[in-house]
Amino acid sequence: DAGVTQSPTHLIKTRGQQVTLRCSPKSGHDTVSWYQQALGQGPQFIFQYYEEEERQRGNFPDRFSGHQFPNYSSELNVNALLLGDSALYLCASSYGALGYGYTFGSGTRLTVV
Amino acid sequence: GQQVMQIPQYQHVQEGEDFTTYCNSSTTLSNIQWYKQRPGGHPVFLIQLVKSGEVKKQKRLTFQFGEAKKNSSLHITATQTTDVGTYFCAGQSGGYQKVTFGIGTKLQVIP
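> Is there a simple way to think about unusual backbone geometry in this case?
Most peptide bonds take the trans form, and the phi angle of most residues other than glycine is negative. The residue after Ser-7 of chain A, namely Pro-8 of chain A, is reached through a cis peptide bond having omega -10 degrees. Looking along the chain, the bond that leaves Ile-7 of chain B and enters Pro-8 of chain B is cis, with omega of -5 degrees. In this structure, Pro-8 of chain B sits in the loop between strand S1 (4–7) and strand S2 (10–14). You will see that Glu-51 of chain A, though not glycine, has its phi angle at about 50 degrees, which is positive. The residue Glu-51 of chain A is located in the loop between strand S5 (44–50) and strand S6 (53–57) in this model.

This is the structure in structure tokens:
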């Protein structure tokens, strides 16, 4: 039973560059949420995708965008990277609006230099 | 917007002692979820509470949801070194049931 798969696991980018992170949800899950977790902090909600549409969004600038594909996989794109974007990016999948808890992937550690 | 506060932020206990973390939401929740994140790992779902006043147990862990559905607690009895990690509460509410995480309580168990 495949859990949530994220790629890449680690990434180093230069300030101003663009990055794309990928997520494959757990089998049977149709909803994907993205979170940013800075060191020592709780996960901060970026946005959630359901039926290929962004259903809700947290307090993140438009530099953060995403996409969900027909197979429920998802991408997170960040443009014009800032040093402050360095964090662990977590993808979480669930089934439906009130899915019983999230299944998280292992995350992508993004370092912006 | 919805805020979820969690205390304490850090807790050091001697192995065998009890541990409690508390969670408080600024808004009434549909449910509260608890997650554990081991050092270097990702959050792992522990449990979800839905009903007002609900109490659930998982071995040495006891989870409570307040009567007003705005606060919750996690209590661990007789901690073990395997309990080390950060415990997050996460409140779900709103039209699309957004899940908001607390800052977490980092538990260190001294053998």
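> I would appreciate a short explanation of the environment of Leu-29 of chain B in the present structure.
All names here are of chain B. Mapped onto the secondary structure, Leu-29 falls in the loop between strand S3 (19–25) and strand S4 (31–37). Leu-29 sits 59 residues away from Phe-88 along the chain, and the two C-alpha atoms are 16 Å apart. In contact with Leu-29, not counting residues within four places along its chain, are Gln-2, Phe-65, Lys-69, Gly-91, Gln-92 and Ser-93.

> I keep staring at the packing of aromatic side chains and nothing clicks. Help me out?
What describes a pair of aromatic rings is the distance from one ring centre to the other and the angle between the planes of the rings. In this structure the tally under the stated criterion is 14 aromatic pairs over all chains. Consider the rings of Trp-34 of chain B and Phe-63 of chain B, whose centres lie 6.4 Å apart with planes at 50 degrees: the pair is tilted. Here Trp-34 of chain B is found in strand S4, whereas its partner Phe-63 of chain B is found in strand S7 (residues 61–65), with 29 residues between them in sequence. Here a set of aromatic residues connected by ring pairs shows up, and it is made of Tyr-35, Phe-45, Tyr-102 and Phe-104 of chain A together with Tyr-35, Phe-45, Phe-88 and Phe-101 of chain B.

> Teacher, can you tell me more about the sheet that holds strand S8 (residues 74–78) of chain A here?
Residues and elements named next belong to chain A. Taken together, four strands build an open sheet; the order of strands is S1-S3-S8-S7 and the sheet is antiparallel. Edge positions in the sheet fall to strand S1 (5–7) and strand S7 (64–68), since each of these pairs with one other strand and no more. Averaged over all pairs of adjacent strands, the angle between their axes in this sheet comes to 15 degrees, without regard to strand direction. Where strand S3 (residues 19–24) and S8 come together, five bridges link them in antiparallel fashion. Bridging across to S8, Cys-23 finds its partner in Ser-74.

Calculation criteria
Residues numbered from 1 in each chain as written. Chains lettered and ligands numbered in written order. Predicted model: local features only at pLDDT ≥ 70, side-chain atom pairs only at ≥ 80, totals over all residues. Heavy atoms only, no water. Helix = DSSP H or I, 4+ residues; strand = E, 2+ residues; numbered from the N terminus. Contact = heavy atoms within 4.5 Å. Phe/Tyr/Trp six-rings, centres within 6.5 Å; stacked < 30°, edge-to-face > 60°. Pairing = 2+ DSSP bridges. Axes fitted to C-alpha atoms, helices over the stretch in contact; angles between N-to-C directions.

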